[in-house]
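Per-entry structural report
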Amino acid sequence: MTAAHAETVTIAALGDSLTAGYGLDQEQGFVPQMEAWLRDQGADVTIVNAGVSGDTTAGGLSRVGWTLTPDVDAMIVALGGNDYLRGLDPAVSRANLDAILSAGQDAGVTMLLVGLNVGTNYGPDFKRDFEGMYVDLAAQYDIPLYPDMFAAMRIEGETQDAMRRFMQSDGIHPSAEGVGMVVADMGPVVLDLIAEVRQ
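In this text the structure is predicted, and so the values were computed from the model without any measurement.

Read across the sheet, five strands follow the order β2-β1-β3-β4-β5 without closing on themselves; strand pairing throughout is parallel. The sheet terminates laterally at β2 (45–51) and β5 (145–146), the two strands that pair on one side only. Across seven bridges, the pairing between strand β1 (residues 9–15) and β2 is parallel. Directly across from I11, in β2, lies its bridge partner I47. The sheet strands contacting helix α7 (residues 124–141) are β4 (110–114) and β5, and the helix crosses β4 at an angle near 165 degrees. Strands in contact with helix α10 (residues 176–198) are β1, β2, β3 (74–78), β4 and β5; relative to β4, the strand with the most contacts, it is inclined by about 160 degrees.

Here it is, written out as C-alpha coordinates:
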(Lines give C-alpha, C1' and ligand atoms only; values in the text may rest on other atoms or scores of the structure.)
Protein backbone atom coordinates (compact mmCIF):
# COMPACT_ATOMS: atom_id res chain seq x y z
CA MET A 1 0.00 0.00 0.00
CA THR A 2 1.37 3.41 -0.96
CA ALA A 3 1.43 6.29 1.46
CA ALA A 4 -1.04 8.19 -0.71
CA HIS A 5 -3.47 5.29 -0.71
CA ALA A 6 -3.11 4.87 3.02
CA GLU A 7 -4.45 8.42 3.46
CA THR A 8 -7.68 7.69 1.61
CA VAL A 9 -10.63 7.96 4.00
CA THR A 10 -13.02 5.03 3.65
CA ILE A 11 -16.64 5.68 4.60
CA ALA A 12 -19.27 2.96 4.86
CA ALA A 13 -22.78 4.18 4.02
CA LEU A 14 -25.08 1.86 5.97
CA GLY A 15 -28.62 2.31 4.72
CA ASP A 16 -31.58 1.14 2.71
CA SER A 17 -32.79 1.76 -0.85
CA LEU A 18 -32.08 5.49 -0.56
CA THR A 19 -28.42 4.63 -0.02
CA ALA A 20 -28.40 1.68 -2.41
CA GLY A 21 -29.62 3.83 -5.31
CA TYR A 22 -32.86 1.97 -5.99
CA GLY A 23 -34.30 2.60 -9.45
CA LEU A 24 -31.32 4.60 -10.70
CA ASP A 25 -28.43 3.89 -13.03
CA GLN A 26 -25.39 2.86 -11.02
CA GLU A 27 -23.59 6.20 -11.30
CA GLN A 28 -26.72 8.16 -10.31
CA GLY A 29 -27.18 6.72 -6.83
CA PHE A 30 -26.42 8.43 -3.54
CA VAL A 31 -23.04 6.76 -2.99
CA PRO A 32 -21.45 7.45 -6.41
CA GLN A 33 -22.86 10.99 -6.53
CA MET A 34 -21.63 11.75 -3.00
CA GLU A 35 -18.20 10.25 -3.68
CA ALA A 36 -17.88 12.31 -6.89
CA TRP A 37 -19.00 15.49 -5.10
CA LEU A 38 -16.50 14.97 -2.29
CA ARG A 39 -13.67 14.28 -4.71
CA ASP A 40 -14.57 17.45 -6.62
CA GLN A 41 -14.02 19.25 -3.32
CA GLY A 42 -10.54 17.73 -3.11
CA ALA A 43 -11.34 14.95 -0.63
CA ASP A 44 -9.40 11.70 -0.94
CA VAL A 45 -12.31 9.42 -0.12
CA THR A 46 -13.90 6.10 -0.97
CA ILE A 47 -17.50 5.40 -0.02
CA VAL A 48 -18.58 1.79 0.39
CA ASN A 49 -22.22 1.24 -0.56
CA ALA A 50 -23.67 -0.73 2.35
CA GLY A 51 -27.23 0.07 1.36
CA VAL A 52 -29.77 -2.73 0.91
CA SER A 53 -33.19 -1.96 -0.55
CA GLY A 54 -36.00 -2.78 1.84
CA ASP A 55 -33.77 -2.90 4.89
CA THR A 56 -35.09 -1.81 8.27
CA THR A 57 -32.97 -0.75 11.22
CA ALA A 58 -33.01 -4.43 12.26
CA GLY A 59 -31.52 -5.38 8.89
CA GLY A 60 -28.87 -2.72 9.28
CA LEU A 61 -28.03 -4.03 12.73
CA SER A 62 -27.63 -7.55 11.34
CA ARG A 63 -25.12 -6.22 8.78
CA VAL A 64 -23.16 -3.66 10.76
CA GLY A 65 -20.60 -6.19 12.03
CA TRP A 66 -19.36 -7.17 8.60
CA THR A 67 -19.77 -3.63 7.26
CA LEU A 68 -17.25 -2.33 9.78
CA THR A 69 -14.16 -3.92 8.21
CA PRO A 70 -10.74 -2.80 9.50
CA ASP A 71 -10.28 -0.38 6.57
CA VAL A 72 -13.46 1.59 7.37
CA ASP A 73 -12.68 4.97 8.95
CA ALA A 74 -16.18 6.42 9.17
CA MET A 75 -19.80 5.37 8.85
CA ILE A 76 -22.91 7.19 7.63
CA VAL A 77 -25.99 5.60 9.20
CA ALA A 78 -29.10 6.33 7.14
CA LEU A 79 -31.81 3.91 8.24
CA GLY A 80 -35.40 4.08 9.43
CA GLY A 81 -37.42 4.80 6.31
CA ASN A 82 -38.70 1.25 6.01
CA ASP A 83 -39.42 1.11 9.73
CA TYR A 84 -41.65 4.14 9.23
CA LEU A 85 -43.35 2.76 6.12
CA ARG A 86 -44.18 -0.42 8.06
CA GLY A 87 -45.35 1.48 11.13
CA LEU A 88 -42.83 -0.27 13.39
CA ASP A 89 -42.68 0.87 17.01
CA PRO A 90 -40.14 3.75 17.20
CA ALA A 91 -38.84 2.25 20.45
CA VAL A 92 -37.71 -0.83 18.48
CA SER A 93 -36.14 1.30 15.77
CA ARG A 94 -34.35 3.36 18.41
CA ALA A 95 -32.94 0.25 20.07
CA ASN A 96 -31.62 -1.02 16.73
CA LEU A 97 -30.02 2.32 15.85
CA ASP A 98 -28.55 2.50 19.35
CA ALA A 99 -26.93 -0.91 18.84
CA ILE A 100 -25.61 0.11 15.40
CA LEU A 101 -24.04 3.27 16.79
CA SER A 102 -22.63 1.31 19.72
CA ALA A 103 -20.95 -1.06 17.25
CA GLY A 104 -19.49 1.89 15.40
CA GLN A 105 -18.25 3.41 18.63
CA ASP A 106 -16.66 0.10 19.64
CA ALA A 107 -14.96 -0.07 16.22
CA GLY A 108 -13.56 3.41 16.73
CA VAL A 109 -15.08 4.88 13.56
CA THR A 110 -16.28 8.44 13.15
CA MET A 111 -20.04 8.53 12.53
CA LEU A 112 -22.79 10.64 10.98
CA LEU A 113 -26.45 9.88 11.69
CA VAL A 114 -29.03 10.77 9.03
CA GLY A 115 -32.61 11.24 10.17
CA LEU A 116 -35.98 11.55 8.47
CA ASN A 117 -38.91 13.89 8.87
CA VAL A 118 -42.09 11.82 8.59
CA GLY A 119 -45.80 12.37 8.21
CA THR A 120 -48.50 12.14 10.84
CA ASN A 121 -50.32 9.15 9.35
CA TYR A 122 -49.45 7.09 12.45
CA GLY A 123 -50.35 9.98 14.75
CA PRO A 124 -48.43 12.85 16.34
CA ASP A 125 -46.89 10.70 19.07
CA PHE A 126 -45.33 8.37 16.51
CA LYS A 127 -43.93 11.32 14.54
CA ARG A 128 -42.48 12.87 17.71
CA ASP A 129 -40.91 9.62 18.90
CA PHE A 130 -39.59 8.65 15.47
CA GLU A 131 -37.96 11.96 14.65
CA GLY A 132 -36.84 12.40 18.26
CA MET A 133 -34.89 9.14 18.31
CA TYR A 134 -32.35 10.56 15.85
CA VAL A 135 -31.89 13.73 17.89
CA ASP A 136 -31.51 11.79 21.13
CA LEU A 137 -29.08 9.20 19.76
CA ALA A 138 -26.89 11.80 18.07
CA ALA A 139 -26.63 13.60 21.40
CA GLN A 140 -26.03 10.35 23.29
CA TYR A 141 -23.12 9.37 21.04
CA ASP A 142 -21.93 12.96 20.53
CA ILE A 143 -22.03 12.63 16.76
CA PRO A 144 -23.36 14.96 14.07
CA LEU A 145 -26.94 14.61 12.88
CA TYR A 146 -28.18 15.45 9.41
CA PRO A 147 -31.80 15.75 10.53
CA ASP A 148 -33.71 14.98 7.33
CA MET A 149 -32.50 13.01 4.30
CA PHE A 150 -34.94 14.92 2.09
CA ALA A 151 -34.31 18.40 3.53
CA ALA A 152 -32.92 19.90 0.33
CA MET A 153 -35.82 18.60 -1.77
CA ARG A 154 -38.37 19.84 0.76
CA ILE A 155 -36.88 23.34 0.70
CA GLU A 156 -36.74 23.44 -3.08
CA GLY A 157 -40.13 21.82 -3.58
CA GLU A 158 -41.89 23.77 -0.78
CA THR A 159 -45.00 21.57 -1.07
CA GLN A 160 -45.43 17.81 -1.30
CA ASP A 161 -46.75 18.14 -4.85
CA ALA A 162 -43.84 20.32 -5.94
CA MET A 163 -41.40 17.92 -4.33
CA ARG A 164 -42.67 15.10 -6.55
CA ARG A 165 -40.70 16.45 -9.48
CA PHE A 166 -37.54 15.36 -7.66
CA MET A 167 -38.88 11.85 -7.06
CA GLN A 168 -39.16 8.71 -9.12
CA SER A 169 -42.64 7.62 -10.22
CA ASP A 170 -43.16 5.68 -6.97
CA GLY A 171 -43.16 8.94 -5.02
CA ILE A 172 -40.78 7.42 -2.43
CA HIS A 173 -37.33 7.35 -3.98
CA PRO A 174 -35.51 10.43 -5.29
CA SER A 175 -34.66 10.79 -8.97
CA ALA A 176 -31.07 11.34 -10.05
CA GLU A 177 -31.74 15.09 -9.80
CA GLY A 178 -33.20 14.65 -6.33
CA VAL A 179 -30.18 12.65 -5.20
CA GLY A 180 -27.95 15.42 -6.54
CA MET A 181 -29.79 17.93 -4.33
CA VAL A 182 -29.40 15.68 -1.29
CA VAL A 183 -25.69 15.27 -2.01
CA ALA A 184 -25.06 19.00 -2.49
CA ASP A 185 -26.77 19.79 0.82
CA MET A 186 -25.33 16.91 2.85
CA GLY A 187 -21.88 17.04 1.26
CA PRO A 188 -20.42 19.76 3.51
CA VAL A 189 -21.45 17.71 6.57
CA VAL A 190 -19.62 14.69 5.13
CA LEU A 191 -16.57 16.87 4.44
CA ASP A 192 -16.60 17.74 8.15
CA LEU A 193 -16.79 14.02 8.92
CA ILE A 194 -13.69 13.41 6.78
CA ALA A 195 -11.88 16.28 8.51
CA GLU A 196 -12.70 14.70 11.87
CA VAL A 197 -11.26 11.36 10.71
CA ARG A 198 -8.03 13.12 9.75
CA GLN A 199 -7.63 14.82 13.15
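Let's pick the thread back up.
With that settled, the discussion passes to the packing of helix α4 (residues 57–67) against helix α6 (residues 90–107). Where α4 meets α6, the axes come as close as 9 Å, and the angle between the chain directions of the two elements is 20 degrees. Here α4 lies roughly parallel to α6, going by the angle between them. Handedness of the α4/α6 crossing: left-handed. Of α6, the residues touching α4 (which contributes T57, A58, G60, L61 and V64) are S93, N96, L97, A99, I100 and A103. Within the contact of α4 with α6, the residues separate by chemical class into seven nonpolar, four polar and no charged.

Judged by nonpolar contacts, the single largest core of 61 residues is most densely connected at I11, F30, L38, M75 and M186. Among the elements that take part in this core, α10 stands out by supplying eight residues, more than any other. Excluding anything up to four places from it in sequence, M75 contacts I11, A12, L14, V64, L68, I100, G104, V109, T110, M111 and L112.

A separate point is the pairing of β3. In terms of burial, β3 is a largely internal element, five of the five residues being buried. Going residue by residue along β3, you find A74, I76 and A78 tucked away on one face and M75 and V77 tucked away on the opposite face as well. For β1 and β3, the ladder comprises five bridges, and the chain directions are parallel. Among the inter-strand pairings, L14 is bridged to a residue of β3, identified as V77. Sheet topology note: the β3/β4 ladder contains four bridges and is parallel. Each bridged residue has a counterpart across the sheet, and for I76 the counterpart in β4 is L112.

The subject of this paragraph is the pattern of salt bridges. The final tally for this structure, using the stated rule, is six salt bridges. The residue R63 makes a salt bridge to D55 at a minimum N-O spacing of 2.7 Å. Note on accessibility: R63 and D55 belong to one class, buried. Between D129 and R128 there is a salt bridge whose closest N-O contact spans 3.0 Å. The network of salt bridges with shared partners includes D125, R128 and D129.

Let us now look at the layout of surface pockets. Estimated volume of the largest pocket: approximately 480 Å³. No other element matches helix α5 (residues 81–86), which puts four residues into the lining of the largest pocket. Looking at the lining of the largest pocket residue by residue, the class counts come to nine nonpolar, 10 polar and three charged.

Criteria and thresholds
- Residues numbered from 1 in each chain as written.
- Predicted model: local features only at pLDDT ≥ 70, side-chain atom pairs only at ≥ 80, totals over all residues.
- Heavy atoms only, no water.
- Pairing = 2+ DSSP bridges.
- Helix = DSSP H or I, 4+ residues; strand = E, 2+ residues; numbered from the N terminus.
- Contact = heavy atoms within 4.5 Å.
- Axes fitted to C-alpha atoms, helices over the stretch in contact; angles between N-to-C directions.
- Parallel < 35°, antiparallel > 145°, perpendicular 65-115°, else oblique.
- Left-handed = near helix turned anticlockwise from the far one by under 90°.
- Nonpolar A, V, L, I, M, F, W, Y, C, P; charged D, E, K, R; others polar.
- Core = buried A, V, L, I, M, F, W, Y, C linked by side-chain atoms within 4.5 Å.
- Buried < 20%, exposed > 50% of the residue type's maximum accessible area, 1.4 Å probe, protein only.
- Salt bridge = Lys/Arg side-chain N within 4 Å of Asp/Glu carboxyl O.
- 1 Å grid on protein atoms, 1.4 Å probe; cavity = no way out; pocket = protein on both sides within 12 Å on 5 of 7 lines; lining within 4 Å.
- Points joined across faces, edges and corners; volume = space filled by probe spheres on them.

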